[in-house]
Amino acid sequence: MGFIDEAEITVKSGDGGAGCVSFRRERSLPKGGPDGGDGGKGGNVVIKASRRLHSLYDLHSKILFKGQNGKPGRGNNRSGKKGKDIEILVPVGIMVRDQETGELLADLVYDNQHMILVEGGAGGKGNSHFVTAANRAPRFAQEGQKGTEKRLKLELKLVADIGIVGLPNTGKSTLLSRISHAHPKIDNYPFTTVAPNLGVMSFDDEQSLTVADIPGLVEGASSGKGLGHRFLQHIERTGFLLHVLDVNQPHSGDVVKDFSILRQELERFHPCLTEKDQVVVINKIDLKPFGKKSIQEICRSFHDLGHECLAISALTGQGVEELRQLLREKVIS
Ligand SMILES: Nc1nc2c(ncn2[C@@H]2O[C@H](COP(=O)(O)OP(=O)(O)OP(=O)(O)O)[C@@H](O)[C@H]2O)c(=O)[nH]1
Ligand SMILES: [Mg+2]
């Protein structure tokens, strides 16, 4: 369903460098002791989540990620250089599984979260470590440990920052297309949206937020009406909700009542959905509000109920920039 993106990759950590067999050679010390240094550790393969990325697209061209090998140890007790780690950058919301066993190795859910997927092999010990009373001049050193190879499956379940909810035909997809670069299908009938749409809302300073627009909800969705509750799972993990209401043609004849119908359906699905931070968005203010109340009066009714409220026209763009800035303040902080 829309949000899921998959990739298969192979990761291999670097081999450890070999330990060195060497003896001190100095004019004053013709038979110097062993001085072979240790091999360097192999590089790790690390996975890191970044909120700047939104798809696994970049990974498709690259399928092998390899940590650098450690360098061998040298004489004079000099250790070999450690192999460099390699970092795989992925979007936030990535789950990593072992391809063979299916075991979940990582679930990266916040920005900059990272973990080692395969640890580099240990460097071998140089011959100076193996001196014993019986053998003062060991002629052997340890091999470096081999790196580990794994085949992994990456699965992206985007965790949107903001979810747009509303009754059908209120302008949710129009709003998404205004505040982000997404181009969802928009039309003047209910249930135009049949699967979630996802957009990225970016700001001048390169900050960005992901927004999910889900199909319209109707009264009785919990008993299977309309498209039901099937898509609400996608906004369960969002931190913020926008309730979009149609001020021109409210379904129940009253915008405030429409809002309570919506809240009730969300509550039935999961009470956590009504506890999220949220803003009420009164849409279609380019048209005449239904009934006698003015836009200001409608907004006041929402304020009186304790909800923040913004009046916009997703079609003409009026109030949309204010909404974007409000979201930026509330969600990026
Ligand atoms: N006049 C006016 N029309 C709007 C506005 N916003 C959306 N519309 C119109 O309302 C209709 C429905 O818009 P959509 O964005 O598809 O609504 P939706 O909430 O996504 O609908 P579903 O996906 O079916 O639930 C379309 O004809 C839009 O052009 C607005 O601010 N003003
Ligand atoms: Mg829609």
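Residues numbered from 1 in each chain as written. Chains lettered and ligands numbered in written order. Predicted model: local features only at pLDDT ≥ 70, side-chain atom pairs only at ≥ 80, totals over all residues.

Let us now look at the overall build of the protein. Regarding its fold elements, the protein presents six helices and 14 strands. For the protein, whose C-alpha radius of gyration is 30 Å, the value lies well above the compact-globule estimate of 20 Å for 333 residues. Evaluated residue by residue, the protein yields a buried proportion of 41% over its 333 residues. At a minimum sequence separation of 6, the contacts of the protein that also span at least 24 residues come to 71%. (Helix = DSSP H or I, 4+ residues; strand = E, 2+ residues; numbered from the N terminus. Rg over C-alpha atoms; globule rule 2.2 N^0.38 Å. Buried ≥ 20, exposed ≤ 12 C-beta atoms within 10 Å, placed from the backbone. Contact = placed C-beta atoms within 7 Å.)

Turning our attention to the sheet that holds strand E10 (residues 197-202). Pairing is mixed in the open sheet, where six strands are placed in the order E10-E11-E9-E12-E13-E14. Of all the strands in the sheet, just E10 and strand E14 (309-311) have a single pairing partner and so form its edges. Averaged over all adjacent pairs, the angle separating strand axes in this sheet is 25°, with direction ignored. Bridge count between E10 and strand E11 (residues 208-213): six bridges; the pairing is antiparallel. The partner of Ser-202 across the bridge, within E11, is Ser-208. (Pairing = 2+ DSSP bridges. Axes fitted to C-alpha atoms, helices over the stretch in contact; angles between N-to-C directions.)

Around ligand 1, 24 residues are found, and the nearest of them are Gly-171, Ser-173, Asn-188, Thr-193 and Gly-216. Considering each element in turn, the shell around ligand 1 owes the most residues, three residues, to helix H1 (residues 172-179). Looking at the shell around ligand 1 residue by residue, the classes come out as eight nonpolar, twelve polar and four charged. (Near = placed C-beta within 6 Å. Nonpolar A, V, L, I, M, F, W, Y, C, P; charged D, E, K, R; others polar.)

Residues other than glycine seldom take positive phi values, yet Asn-112 does so here, at roughly 70°. Along the chain, Asn-112 falls in the loop between strand E6 (104-108) and strand E7 (114-118). Of note, the phi angle at Lys-284 is positive, near 70°, even though the residue is not glycine. Overall, the presence of 23 C-beta atoms within 10 Å leaves Lys-284 in the buried class.

This part is about the nonpolar core. With 61 residues, the main nonpolar core has Val-45, Leu-117, Ile-164, Val-165, Val-211, Leu-245 and Ile-282 as its most contacted residues. Taken domain by domain, the makeup of this core includes at least three residues from each of domain 1 (4-157) and domain 2 (162-331). Once residues lying within four places of it in the same chain are set aside, the contact partners of Leu-117 are Val-11, Val-45, Val-46, Ile-47, Val-96, Leu-105, Lys-150 and Leu-152. (Core = buried A, V, L, I, M, F, W, Y, C linked by C-beta atoms within 7 Å. Domains from an automatic or database assignment.)

Two strands pair when backbone bridges link them, and strand E2 (residues 45-50) and strand E4 (residues 86-91) are joined in this way by six bridges, in the parallel orientation. By the bridge assignment for E4, Ile-47 is matched with Ile-88.

As far as domains go, the protein holds domain 1 (4-157) and domain 2 (162-331). Using C-alpha coordinates to define each centre, domain 1 is positioned 49 Å away from domain 2.

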